[in-house]
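# What the coordinates show
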Amino acid sequence: MVLSFCDKLILAPMVRVGTLPMRLLALDYGADIVYCEGTADPERALAVAKFIENDVAAIDVNMGCPKEYSTKGGMGAALLSSPEKIEKILKTLVNGTSKPVTCKIRILPTLEDTISLVRIIERTGVAAIAVHGRKKEERPQHPVHCDFIKAISEAVSIPVIANGGSQELIREYTDIEAFRSITATSSVMVARAAMWNPSIFRKDGFLPLEDVMRDYIKHAVRYNNHYTNTKYCLCQMMRDQLESPLGRKLHATQSTLDICDVFEMTSFYESCQLSQEARKGFLNINETIEAENDNTENYDTVQLPVKFEKKDYLPQVTPKMFLLEWCRKEKLPQPVYYT
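Residues numbered from 1 in each chain as written. Predicted model: local features only at pLDDT ≥ 70, side-chain atom pairs only at ≥ 80, totals over all residues. Heavy atoms only, no water.

### Focus on helix α5 (residues 111-123)
Helical geometry: 3.6 residues make up each α-helical turn, so side chains three or four residues apart lie on a common side. In a regular helix each residue adds 1.5 Å, so 13 residues correspond to 18 Å; α5 covers 18 Å between its end C-alpha atoms and thus fits that length. Within α5, burial applies to Thr114, Ile115, Leu117, Val118, Ile120, Ile121 and Glu122. Summarising the contacts, the buried residues of α5 are in contact with α4 (83-96), β4 (101-106), β5 (128-132) and α6 (146-155). Just downstream of α5 lies Gly125, where phi reads positive at about 95 degrees. (Helix = DSSP H or I, 4+ residues; strand = E, 2+ residues; numbered from the N terminus. Expected span 1.5 Å × (residues − 1). Buried < 20%, exposed > 50% of the residue type's maximum accessible area, 1.4 Å probe, protein only. Contact = heavy atoms within 4.5 Å.)

Right, dumping it as structure tokens:
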């Protein structure tokens, strides 16, 4: 079944926030589509797309992130100044994958330039385009340009997804449809409002924040989300409540178990740990059987399970640094990493 981009409620791609627990929680509460992250290179984009295409409903390129860690690498909003690269990336993906391809942009300084870019994007064969109604130098305190989004929607034939209405226009579920109506778009993508409380996707209205946070923690524990990311997302939800007794306790946590203790979910954590250990044992038995049945031997490879907890290392000291120093000491070639 082909994914439709009309009449959808969408969780926007957000660095550090759009990890698996948040995506699952948004789906639980009523979101139709949830996003991961983007790229800056056609060949690399295609390689990643081919790797994951059987596990996703669509492939998106995020050209809207204005943060320096994206733009320095030529990703996000940095792509907006390179229409040729945009066209090449999108054409490569459209022609090379079996899933629908979409992209997300910010508006350019003028409406004319923005519509010109959007028409180039439309010609690549993408299934939809998301438009954040702010320029790359503008931030949440600047008003969203609904007129730009509406003009874009009227200028192209593919579905346009409106983004950028959090706080200014979208404060609750009913505001989502109002934002879609103002911009005359096919769907709406929500970022900050969903980060603060993912239950904004519920037709029946918000759930109490502590209930939402507990639901989030359940997903984080079940899928072994790293505690630093879990803590970050929970802090984003608490916002101005971080100085409350609960907020101070959360801020002091140093592990997933600590977080569960704060929210009186220790028994849930322990039951999940037991379940995960049982599953690991089952998988280890299968791996042992497979290894015994494999007659091939490789005496040049040593495999060891290594758990990296950042808190166990001094600042600026990482396992890579230890390995590099050891190679120097033993006069061996420096290690090469493939990602």
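### A few points about the pairing of strand β6 (residues 160-163)
Burial of the side chains of β6 extends over both faces: Val160 and Ala162 are buried on one face and Ile161 and Asn163 on the other. Inspection of the sheet shows β5 paired to β6 by 4 bridges, in the parallel sense. When the sheet's bridge partners are listed, Ala130 is paired in β6 with Ile161. In this view, the connection linking β5 to its parallel neighbour β6 by way of α6 has right-handed handedness. (Pairing = 2+ DSSP bridges. Right-handed = clockwise from strand over helix to strand, strands pointing away.)

### As for the packing of α6 against helix α7 (residues 173-183)
In a packed pair of helices, the relevant descriptors are the angle between the two axes and the axis-to-axis distance. Running from amino to carboxyl end, α6 crosses α7 at an angle of 65 degrees, the nearest separation of the two axes being 8 Å. Contacts between α6 and α7 involve Cys146, Ile149, Lys150 and Ser153 on the former and, on the latter, Phe179, Ile182 and Thr183. Among the residues making up the contact of α6 with α7, the classes are represented as 4 nonpolar, 2 polar and 1 charged. (Axes fitted to C-alpha atoms, helices over the stretch in contact; angles between N-to-C directions. Nonpolar A, V, L, I, M, F, W, Y, C, P; charged D, E, K, R; others polar.)

### A closer look at the pattern of salt bridges
Taken as a whole and judged by the stated rule, the model has 7 salt bridges. The closest approach of N and O atoms between Arg180 and Glu177, which form a salt bridge, is 2.9 Å. Of this pair, Arg180 and Glu177 both sit in helix α7, 3 residues apart, which is roughly one turn of that helix. Exposure remark for Glu177: the relative accessible area of 44% places this residue in the partly exposed category. (Salt bridge = Lys/Arg side-chain N within 4 Å of Asp/Glu carboxyl O.)

### Notes on the pairing of strand β7 (residues 187-190)
Burial of the side chains of β7 extends over both faces: Ser187 and Met189 are buried on one face and Val188 and Val190 on the other. Two strands pair when backbone bridges link them, and β6 and β7 are joined in this way by 3 bridges, in the parallel orientation. Bridge pairing links Ala162 to Val188 in β7.

### Topic: the packing of helix α9 (residues 209-222) against helix α10 (residues 227-238)
The geometry of α9 relative to α10 is characterised by a closest axis approach of 11 Å and an angle of 165 degrees between their N-to-C directions. Comparing their axes, α10 and α9 come out roughly antiparallel. Relative to α10, α9 is oriented so that their crossing is right-handed. Taking contact as the criterion, the partners of Leu209, Val212, Met213, Tyr216, Ile217 and Ala220 in α9 are, on α10, Asn229, Thr230, Cys233, Leu234, Met237 and Met238. (Parallel < 35°, antiparallel > 145°, perpendicular 65-115°, else oblique. Left-handed = near helix turned anticlockwise from the far one by under 90°.)

### Concerning the sheet that holds strand β1 (residues 9-11)
In space, the 7 strands of this open sheet follow the order β2-β1-β7-β6-β5-β4-β3, with parallel pairing throughout. Of all strands in the sheet, those bounded by a partner on one side alone are β2 (33-34) and β3 (59-63). Here 5 bridges tie β3 to β4, and the two strands are oriented parallel to one another. Counted as the bridge partner of Asp60 is Thr102 from β4. This element, α6, spans β5 and β6 of the sheet and lies at about 175 degrees to β6.

### Some words on the packing of aromatic side chains
The description of an aromatic ring pair rests on the distance of the ring centres and on the angle between the ring planes. This structure, assessed with the given rule, holds 0 aromatic pairs. The ring of Tyr232 has Arg16 lying over it, and the distance from NZ or CZ to the ring centre is 3.7 Å. Over the ring of Trp196 we find Arg239, and its NZ or CZ is 3.8 Å from the ring centre. (Phe/Tyr/Trp six-rings, centres within 6.5 Å; stacked < 30°, edge-to-face > 60°. Lys NZ or Arg CZ within 6 Å of the ring centre and 35° of its normal.)

### A few points about the environment of Lys135
Along the polypeptide, Lys135 turns up in the loop between β5 and α6. Looking at Lys135, the relative accessible area reads 18%, which means it is buried. Considering only alpha carbons, one finds Lys135 and Thr110, 25 residues apart in sequence, at a separation of 9.5 Å. When residues no more than four places from it in sequence are discounted, the contact partners of Lys135 are Arg106, Ile107, Leu108, Pro109 and His145.

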